[in-house]
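Fold and contact review
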Amino acid sequence: MMLTYRIFITLTSILLVIFFLFVAANIMQTVWNDYQTNPYAGSLVPISEDNQTLIAQTDSYLPMGIAHYVAYVGNTEDQSVGAMIEEWCVYKKCALLKSSSVSNSLWHKPNPPDMVLLDSNYLTLPEDISIIQDWANQGIGIVFLNLPKESVLADSKELQDLLGISSIKAANQSLTGVEIYEGFLLGGHQIYDSTDPNNKDRSDLDLNVPWYLLSGGTKAYMVGLLSDKTVKNEELPALVWDHPVANTRVFAVNGDYMNDVTGFGFLDGMMTEMQSYSIYPVVNAQSLVFANCPVLADENDTYMQATYGQSARTMFRDVIWPSMIALSQKSAMKITCLLTPKLDYTDKTVPVGADLSSYISLFNKYQAGTGLSGMRDSGTSLKQKIDQDSLFLKQYMPEYDYFAMYLEDPKEWSGVADENLLKSIRTIADNYSGESKLLSYLTENVTLQQGIDTGFTHSFKDDLRLRSVESSLAYSHILVDMKPLVFPASAEDRWEKLSPALAANIVTYWKPFSQFGQTDLSESDNRIREFLALNYSQYRNQNTIHLGITGKFAGEAYFILRTHEEEIASITGATYLPIEEDAYLMQATEENVTITLEPKQVLYYVE
């Protein structure tokens, strides 16, 4: 066909229009992407430690007016069971009565606790058994956070009867794994099989426990698995169970599962089993954080060139950043990048200012959070690092505010908090250590949110902790440290090995909790402040639950509702999403919420 003048003009016009639209779109994106300003600056919640809801905790008596509380026999000064109980009560807005021993006068009889938590290391046996039995007869829920030694149990038939133990099969039994039944922790049924070759690097649970056989009427929530497959399910070594006594239940934990934040979800699961329903506040924030990412200087260049055939800067730009975006899109998780100009301050390489501007623009484009890292590879002090980073960051991004920071040791914050570069910092990210609360105020205006997973590895203990914390707080914080990619500790610290593991872990183990909120660190900081500040009350009248929110209510609060064979028929003052069977995530938008429940299936008798 001959190309006429008219056709030529038409095709040229179409090409010019397409070119104009393409160029205009990129120009407008650049104009609208004001990367000199942090986009989260206008959405920060001004809630300080002064607004935190404080719950009464006492060693002797409770103040007047407290109707609901938990009693604990043990020692909250221990960095184990007691510290976990104290922290759980803070998050549940639950008053705590503490005692180092069992006593008939532990509380005033007209106002008994909702639940008694017992650390067996602080029991005097067999003298305390009759008192504990009396508490159960009063309808008070009892939880043995750990069990006395097998030899003590063997000598006390009364204690065995109280715990629902019919006999002791073995004083020390080797397990091949652990099974969690559906409905206790959120996340569904789970098996941790140490005999699976794929799990050889994941198996870290205690697989040696006493083997107790349970009596009739007990209910097991978690059991040990055996190599002998002929053993009936009901005879497997029980790890968590309850036994009905009078008008309540006595729970028992056979193992060390209550020694850290892993105990949170266990306690919430027990509370749910004791009642017709349970409702409790949660954070509803899941964050994927990359610390020491990106690196803006070509450090350890000999290693990087030999390993990857390119510098650290190009590796982060051309390989790692696209992988991070792909992971974010596949998992639907928001990312936060806690960047560092340099890691080794004895190295003569200098960070590149053009890279900083480019990355901040990309962060804004992909709605990624931005912050700083306090990590350094040499003997440089944090103060020296901040001084050098300030010169660089203020030169190339003088108006940009950073709201989050990664510190290996949060105690370092006090030495640099007054630095001008850090004036806008509102939250500190840290890996979970068990030495401080998972969520707390580090100072009056700065929160601390600890990571519960490193991303590159995910052991059985990691997964159990994840399920428990998600069940209790609808919270997780994956803190991925990218420093080993530039300064490896072993030959395993290579991106081609770490990247597939990271993607597989996040897509697999976080899938059951996809209904929970996906946040960057600034957003999760907001939700943590609101969570720590609010308080609530609730009661049920027939099939209707009345929830009232008090404290510092900023117009958004989240709760988990768990039921038994009931579903939400209607709700006012809140919206909700089903999480799984008999579990709902609710977002309260008003201070008063009304929830009407109905049975899932109504049976009719027809003559």
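Residues numbered from 1 in each chain as written. Predicted model: local features only at pLDDT ≥ 70, side-chain atom pairs only at ≥ 80, totals over all residues. Heavy atoms only, no water.

It is worth spelling out helix 6 (residues 263-274) at this point. Helix length check: helix 6 (twelve residues) gives 17 Å between terminal C-alpha atoms against 16 Å at 1.5 Å per residue, within 8%. The buried fraction of helix 6 is high, at eleven of twelve residues. Considered for burial, the residues of helix 6 that qualify are Gly263, Phe264, Gly265, Phe266, Leu267, Asp268, Gly269, Met270, Met271, Thr272 and Glu273. (Helix = DSSP H or I, 4+ residues; strand = E, 2+ residues; numbered from the N terminus. Expected span 1.5 Å × (residues − 1). Buried < 20%, exposed > 50% of the residue type's maximum accessible area, 1.4 Å probe, protein only.)

Looking at the protein chain, the domain boundaries give domain 1 (53-277), domain 2 (285-523) and domain 3 (534-599). One C-alpha centre belongs to domain 1, the other to domain 3; they are set 27 Å apart. Residue-level contacts link 16 residues of domain 1 with 16 residues of domain 3. In total, about 1,300 Å² of surface goes out of reach between domain 1 and domain 3, with carbon and sulfur atoms giving 50% of it. Along the contact surface separating domain 1 from domain 3 lie zero salt bridges. At the surface where domain 1 touches domain 3, the tally comes to seven residue pairs in polar contact (both at pLDDT 80 or more). In terms of residue count, helix 6 provides more of the side of domain 1 that touches domain 3 than any other element does, three residues in total. (Domains from an automatic or database assignment. Contact = heavy atoms within 4.5 Å. Buried area = accessible area lost by both parts, 1.4 Å probe. Salt bridge = Lys/Arg side-chain N within 4 Å of Asp/Glu carboxyl O. Polar contact = N/O pair within 3.5 Å; in protein donor to acceptor, adjacent residues only side chain to side chain.)

Quick look at the sheet that holds strand 22 (residues 534-541) now. In space, the four strands of this open sheet follow the order 22-23-28-25, with antiparallel pairing throughout. The open sheet has two edge strands, strand 22 and strand 25 (566-572), and neither has a second partner. Mean inter-strand twist for the sheet, computed between neighbouring axes without regard to direction, equals 25°. Sheet analysis places strand 22 next to strand 23 (residues 544-551), joined by eight bridges and oriented antiparallel. Within the sheet, the bridge partner assigned to asparagine 541 lies in strand 23 and is threonine 544. Strands in contact with helix 14 (residues 521-533) are strand 22 and strand 23; relative to strand 22, the strand with the most contacts, it is inclined by about 60°. (Pairing = 2+ DSSP bridges. Axes fitted to C-alpha atoms, helices over the stretch in contact; angles between N-to-C directions.)

It is worth spelling out the packing of aromatic side chains at this point. Summed over all chains, the structure comprises 17 aromatic pairs. An angle of 85° between the planes, with centres 5.7 Å apart, marks the rings of tyrosine 91 and phenylalanine 264 as edge-to-face. On the criterion of sequence distance, the pair formed by tyrosine 91 in helix 2 (residues 81-92) and phenylalanine 264 in helix 6 is long-range, its members being 173 residues apart. Considered together, tyrosine 91 and phenylalanine 264 belong to a single accessibility category, that of buried residues. Aromatic ring contacts, followed pair by pair, group Phe184, Tyr221, Phe251, Tyr257 and Phe266 into a single cluster. In this arrangement the basic side chain of lysine 169 is found over the ring face of tryptophan 211, its NZ or CZ atom lying 5.6 Å from the centre. The ring of tyrosine 345 carries lysine 342 above its face, with NZ or CZ at 5.7 Å from the centroid. (Phe/Tyr/Trp six-rings, centres within 6.5 Å; stacked < 30°, edge-to-face > 60°. Lys NZ or Arg CZ within 6 Å of the ring centre and 35° of its normal.)

We now examine the nonpolar core. Grouped together as the largest cluster of nonpolar side chains are 160 residues, with contacts concentrated most on Ile85, Phe290, Met405, Met482, Phe559, Leu561 and Ile595. Top element by residues in this core is helix 8 (residues 312-331). It accounts for eight residues. In this view, isoleucine 85 contacts Tyr72, Leu96, Leu117, Leu145 and Leu267; residues no more than four positions away in its chain are not counted. One finds Val73, Ile131, Trp135 and Val245 within the second-largest nonpolar core, a separate group that totals 33 residues. (Core = buried A, V, L, I, M, F, W, Y, C linked by side-chain atoms within 4.5 Å.)

Next up on the list: the pairing of strand 2 (residues 69-73). Buried residues dominate strand 2, accounting for five of its five residues. Relative to strand 3 (residues 95-99), strand 2 is paired through five bridges, and the arrangement is parallel. If you follow valine 73 over to strand 3, its bridge partner there is serine 99. Pairing between strand 2 and strand 4 (residues 115-118): four bridges, direction parallel. Directly across from valine 70, in strand 4, lies its bridge partner methionine 115.

A rise of 1.5 Å per residue sets the reference length of helix 13 (residues 495-509), with its 15 residues, at 21 Å; its end C-alpha atoms lie 21 Å apart and thus fit the reference within 8%. For helix 13, the full list of buried residues reads Trp495, Leu498, Ser499, Leu502, Asn505, Ile506 and Tyr509. Summarising the axial view, the buried residues of helix 13 lie within an arc of 150°, below the 170-degree limit, and thus occupy one face. Contacts from the buried residues of helix 13 go to strand 14 (285-295), helix 7 (301-308), helix 8, helix 11 (460-473), strand 21 (475-481) and helix 12 (483-486). (Arc of directions from axis to C-beta.)

Taken in spatial order, the eight strands of this open sheet run 19-20-18-17-16-15-14-21, and their pairing is mixed. Of all the strands in the sheet, the pair left with one neighbour each is strand 19 (439-441) and strand 21. Here the average twist between neighbouring strands, direction ignored, is 30°. Two elements, strand 18 (residues 427-431) and strand 20 (residues 447-451), share five bridges in a ladder whose sense is parallel. If you follow asparagine 431 over to strand 20, its bridge partner there is glycine 451. The sheet strands contacting helix 9 (residues 353-365) are strand 14, strand 15 (335-340) and strand 16 (369-373), and the helix crosses strand 15 at an angle near 170°.

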